[in-house]
Amino acid sequence: MSSSTLSFACEFLREPRSVASVTPSSQALSRQVSLPIPASGQPTVIELGPGTGAFTRQIQTTLGGRGHHLAVDVNARFTALLGERFPGLDAVTADARELPRLLRERRLPHADVIVSGLPWAAFDGGTQRDILDALTTVLHPDGGFTTFAYVHARWSGPARRFRSALNDRFEEVVLGRTVWANVPPALVYHCRRPKRP
């Protein structure tokens, strides 16, 4: 078992509602959620719920030192770990609902891409709405938002409520193919053209 997997499992046991998975996401899922990151320029990429860095590594590789990569997690152990592993990363312990303030403090006008590893199905409706409102406030009109859902939980009440909330906040919501190489298998939501709250 890798140190990332062990760290992730330990944090799941400490805070199962905020971590919501016993294993980190796979490389195959990481590649899918990182697709909207442009291959050139200086994009601002926000990563929500980075955990031990499964998506972080892929985002850093795609950026190749360009732009600004802000990783936001409520778990201070995760952000400290990410700061050690990725020296160029701006890792901060904060709630995703604080995105407008976090961007203002960094004098960043907007996010070009937001990648989420948050456990949406573990959140109540109010929390889902508040986080989506915060991220659509900071996302550029031409920006992209990606997140994922586990296949086995896709039809649960919280997951269906989340899908409906995505449709309310984005003009385009496309469901990607199943990533079978993830444990458990997952689907990626690709969202574009945010509607302002």
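Residues numbered from 1 in each chain as written. Predicted model: local features only at pLDDT ≥ 70, side-chain atom pairs only at ≥ 80, totals over all residues. Heavy atoms only, no water.

## Remarks on the overall build of the chain
Here's step 1: The helix and strand tally for the chain stands at 8 helices and 7 strands.
Here's step 2: Taken over 197 residues, the chain has a buried fraction of 48%.
Here's step 3: Here the analysis covers contacts within the chain between residues at least 6 apart in sequence; of these, 67% occur between residues at least 24 apart.
Here's step 4: Of the roughly 9,300 Å² of accessible surface on the chain, 53% is carried by carbon and sulfur atoms. (Helix = DSSP H or I, 4+ residues; strand = E, 2+ residues; numbered from the N terminus. Buried < 20%, exposed > 50% of the residue type's maximum accessible area, 1.4 Å probe, protein only. Contact = heavy atoms within 4.5 Å. Areas by Shrake-Rupley, 256 points an atom, 1.4 Å probe, with all protein chains shown as cover.)

## Notes on the packing of aromatic side chains
Here's step 1: Per the stated rule, a full pass over the model turns up 7 aromatic pairs.
Here's step 2: Between Trp120 and Phe123, the ring centres sit 6.0 Å apart and the planes meet at 80°, which makes this aromatic pair edge-to-face.
Here's step 3: Residue classification places Trp120 among the buried residues on the basis of a relative accessible area of 3%. (Phe/Tyr/Trp six-rings, centres within 6.5 Å; stacked < 30°, edge-to-face > 60°.)

## Some details on the sheet that holds strand 7 (residues 186-194)
Here's step 1: Across the sheet, 7 strands lie side by side as 3-2-1-4-5-7-6; this open sheet has mixed pairing. Of all strands in the sheet, those with a lone pairing partner are strand 3 (90-93) and strand 6 (170-175), marking the two edges. Each strand of the sheet is rotated relative to its neighbour by a mean of 15°, with strand direction disregarded.
Here's step 2: Note: strand 4 (residues 111-116) against strand 5 (residues 139-150), 4 bridges, orientation parallel. By the bridge assignment, Val113 is partnered in strand 5 with Gly144.
Here's step 3: Strands strand 1 (44-48), strand 2 (68-73), strand 4 and strand 5 of the sheet are contacted by helix 4 (residues 54-63), whose axis makes an angle of about 175° with strand 1.
Here's step 4: Lying over the sheet, helix 8 (residues 157-169) contacts strand 5, strand 6 and strand 7, oriented at roughly 135° with respect to strand 6. (Pairing = 2+ DSSP bridges. Axes fitted to C-alpha atoms, helices over the stretch in contact; angles between N-to-C directions.)

## Observations concerning the nonpolar core
Nonpolar side chains tend to gather and get buried jointly when the protein is soluble and globular.
Here's step 1: By size, the foremost hydrophobic cluster in this structure holds 31 residues, and its most contacted members are Leu135 and Phe145.
Here's step 2: A total of 5 residues in this core trace back to one element, the largest contributor, which is helix 7 (residues 125-138).
Here's step 3: Among residues more than four places away in sequence, those in contact with Leu135 are Leu48, Leu99, Ile114, Trp120, Phe145 and Phe170.
Here's step 4: Judged by nonpolar contacts, the second largest core, of 15 residues, contains Ile37, Leu63, Val113 and Ala186. (Core = buried A, V, L, I, M, F, W, Y, C linked by side-chain atoms within 4.5 Å.)

## Observations regarding helix 5 (residues 76-85)
Here's step 1: Inspection of helix 5 places Phe78, Thr79, Leu81 and Leu82 among the buried residues, and these make up the whole buried set. Seen end-on, helix 5 carries its buried residues on one side only, within an arc spanning 160°.
Here's step 2: Among the residues of helix 5, the N-terminal cap falls to Asn75, whose side-chain oxygen and the backbone nitrogen of Arg77 are separated by 2.9 Å. (Arc of directions from axis to C-beta. Polar contact = N/O pair within 3.5 Å; in protein donor to acceptor, adjacent residues only side chain to side chain.)

## A word on helix 7
Here's step 1: Compared with the 20 Å implied by 1.5 Å per residue over 14 residues, the 20 Å span of helix 7 between its first and last C-alpha is a close match.
Here's step 2: Sitting at the amino-terminal end of helix 7 is Asp124, which places a side-chain oxygen 3.1 Å from the backbone nitrogen of Gly126. (Expected span 1.5 Å × (residues − 1).)

## A look at the environment of Asp133
Here's step 1: Tracing the chain through its elements places Asp133 in helix 7.
Here's step 2: A C-alpha to C-alpha distance of 7.6 Å links Asp133 and Arg196, two positions 63 residues apart in sequence.

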